[in-house]
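For reference, the chains in residue letters:
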Amino acid sequence: MFQLQGVPIPELWIWQRLNRRALGGEQPAMNMNPGNEVNLIIPPAVQADMEKRAILTEDIEKVVAHSQSTGQRFLNHDDHSYLADLRLENVTYWVRYKEKEDGIHVLTVYSHRMEIVKE
């Protein structure tokens, strides 16, 4: 992993992003599902992937809340998991998850800067 003055690059991106929010350059996270908090259960391996890819938990919450409120998600009938995406600013986030009684079990997350145009 590349480092800049001893700070791993993904960690640096997260700090830069949080600093922009603090200075008003980026809007803070909105609860897209008011009154219904999303209870994410994220295994350590997925958390490590999120850190490497500079993906914040609040972005994952937004994707899941959006998919639940709009129904815009794919269902995998084999394992009953969902795949959802949401474009926030110039990044599209993808989350594969399962809905269970104790919360949302996040299976995988990734992001890209390519825009997908749906017809």
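Here the structure is a predicted model, which is why all the values come from computation and not from measurement.

Undergrad: Just to check I follow, could you spell out the side chain of Thr-92 for this structure?
TA: Locating Thr-92 in the fold gives a position in strand E6 (residues 91-100). Taking the relative accessible area as the measure of exposure, Thr-92 reaches 5% and is therefore buried. Of the polar contacts made by the side chain of Thr-92, one reaches the side chain of Arg-87; its length is 3.2 Å. Apart from the residues within four sequence positions on either side, Thr-92 is in contact with Asp-85, Leu-86, Arg-87, Tyr-110, Ser-111, His-112 and Met-114.

Undergrad: What is the right way to read the environment of Asp-85 from this model?
TA: Among the structural elements, Asp-85 can be located in strand E5 (residues 81-88). Sequence separation of Asp-85 and Val-64 is 21 residues, and the distance between their C-alpha atoms is 8.3 Å. Residue contacts for Asp-85: discarding those within four places in its chain leaves Val-63, His-66, Thr-92, Tyr-93, Trp-94 and Lys-118.

Scoring rules and cut-offs
- Residue indices follow the written sequence of each chain, beginning from 1 at its first position.
- Confidence filtering applies because this is a predicted model: local features only for residues at pLDDT of at least 70, side-chain atom pairs given and counted only at 80 or more, and all residues used for totals across whole chains, interfaces and linings.
- With hydrogens and water excluded, all non-hydrogen atoms of the structure serve as input to the side-chain values.
- A run of H or I in DSSP counts as a helix once it spans at least four residues, and a run of E counts as a strand once it spans at least two, with each numbered from the N terminus.
- For each residue, the accessible area found with a 1.4 Å probe, counting protein chains only, is set against the maximum for its type, and the residue is called buried under 20%, exposed over 50%, and partly exposed in between.
- In the analysis that follows, any N or O atom pair within 3.5 Å is treated as a polar contact, provided that within protein one partner can donate a hydrogen and the other can accept it, and provided that, for residues neighboring in sequence, both atoms belong to side chains.
- Any pair of residues with heavy atoms lying within 4.5 Å of one another is described as a contacting pair.

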